[in-house]
Amino acid sequence: MLKTSAPFPHRFHADPEQSYALTGPYYTSPEIFEMEKEAIFYKNWLFVCHKEKLVEPGSYVTFSVIDQEIFITRTKENELKAFYNVCPHRGHQLVEGEGKKSIITCPYHSWTFRLDGQLNKARGQDKVKNFDASEHCLTQVKVEEYASLIFINMDMNAKPANIVYDGLEEDLHRYVPDLGKLTFAHRIKFEVKANWKVVVDNFLECNHCSTTHPALCDLIDLKNYKSHIYENYSSHIAPMGNPNSRAAYKIDPNGGNQNFYAYWLWPMTMFNANPGETAFQIFHIVPTGPDTTTEYFDFYFLDKEPTEEGWAGINYMEKTLNPEDIEICERVQKGLKSKGYAGGRLIVDEDRTGDFSEHAVHHFQSLVLKSLNVL
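Everything numeric in this text was worked out from a predicted model, so none of it was measured. Every chain is numbered independently, its residues counted from 1 as its sequence is written. Side-chain atom pairs in this predicted model are given and counted only at pLDDT of 80 or more, local residue features only at pLDDT of at least 70, and totals for whole chains, interfaces and linings cover all residues. Hydrogens are left out, water is left out, and the side-chain values use all remaining heavy atoms of the structure.

A. Broad picture of the sheet that holds strand S5 (residues 98–100). Strand pairing is defined by DSSP finding a minimum of two bridges between the two strands. Only runs of H or I of at least four residues qualify as helices and only runs of E of at least two qualify as strands under DSSP, and these elements are numbered from the N terminus. Read from one edge of the open sheet, 7 strands run S1-S10-S9-S4-S3-S2-S5, paired in antiparallel fashion. A single partner strand is all that each edge strand has here, and the edge strands are strand S1 (46–50) and S5. Within the sheet, the average angular offset between the axes of one strand and its neighbour, ignoring direction, is 25°. In the sheet, strand S9 (residues 140–146) pairs with strand S10 (residues 149–153) via 5 bridges, with the strands oriented antiparallel. Residue Tyr-146 lies in a different strand from S10, and its bridge partner there is Leu-149. Helix axes use the C-alpha atoms of the stretch in contact, all axes being lines fitted to C-alpha atoms, and the angles between their N-to-C directions lie in the range 0 to 180 degrees.

In structure tokens, the structure reads:
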């Protein structure tokens, strides 16, 4: 039965075994995208960087989601702080990129702020009647370090990340015991002509793998691919397949990572690693419009310079695996605008069988609809 109380009708069902996928407007409508800004992007934990970027007092990084820009820093007291990247005086941007500062100076009128967000000095403040410095502090954003990673949340009342993603850190350390020792080595950026949810939907199932990713299907044991659902994340694990696969690099079957693993964190952060040397990939996306998404792939290894195998794995992701996914995501985005698409039946059986089950997609879409208050 169509649910018409939603901004757009859908046939999504709380029971994954009876559910249909979301209808096209949920991926194409500017109205839905505007709703998602406040209900999803600005109210949930978003990955920013590995903790190594913010080790030293005064170090800072900037981070943007749609029209909201944040900067995160570490104070002299060794506390992580995050603020909207705007001067409370006249609205000028305070900092750019990343770097290190002992004090924050606005480039417009030279107001200065301490790293804890307190106003340090405003030019001419002593000549202003009843000037109250406490009214001109930087506006805070929630920030936490979790699993050696830095997350921000614009909802100051949000539950802590370790509660929202309960159990995730222990699971990650099981597969990547050296997670805290890894260091950033390389970034790949893609611009995708598809809605952010199309990208996440695609990540959350391997039903498409046998037709789209021949090398990946050689690299991992697809018959033993398993997806597990948790409250605000899901895991996708498969044993190693052929160590001499078509994925452009050979694997030592006796060392390194012996599994393919991938994790999705609500709403739009993904972790994964292919079989091979100890490594960690952070795949995080930034929605830029109803039909566009920016993808970032950050690669972490035990050393800043990847080994020959490490570079081969990076090249495989950059030249083969992700372009395969981008092509199908962009074709899906076009199809979602068709008057002939009404939302197909999700393929979910009682046993949540292996690679073809789409129960993780259902889980994600349920969180979207709940956030929009239409489920």
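Next comes the rest of the write-up.
B. View of the pattern of salt bridges. We define a salt bridge as a side-chain nitrogen of Lys or Arg found within 4 Å of a carboxyl oxygen belonging to Asp or Glu. If you walk through the whole model with that rule in mind, you get 12 salt bridges. Across the pair Lys-37 and Glu-34 runs a salt bridge whose closest N-O atoms are separated by 3.1 Å. Here Glu-34 and Lys-37 lie together in helix H2 (residues 30–41), a separation of 3 residues that amounts to about one turn. A relative accessible area of 45% places Glu-34 in the partly exposed class. Between Arg-114 and Asp-116 there is a salt bridge; the shortest N-O distance is 3.9 Å. Each residue gets one of three labels from its accessible area relative to the maximum for its type: buried under 20%, exposed over 50%, partly exposed in between, using a 1.4 Å probe on protein chains only.

C. Just the pairing of strand S2 (residues 59–65), in detail. Burial analysis of S2 places 5 of its 7 residues in the buried class, the great majority of the element. As paired strands, S2 and S5 are joined by 3 bridges and run antiparallel to one another. In the sheet register, Tyr-60 faces S5, and the bridge partner there is Gly-99. In this sheet, strand S3 (residues 68–74) lies alongside S2 in antiparallel orientation, the contact comprising 6 bridges. Each bridged residue has a counterpart across the sheet, and for Tyr-60 the counterpart in S3 is Thr-73. Connecting S2 to the antiparallel partner S3 that follows it, the hairpin turn spans 2 residues, and Ile-66 within it adopts a positive phi of roughly 55°.

The values reported here are purely geometric and, on their own, carry no functional implication.
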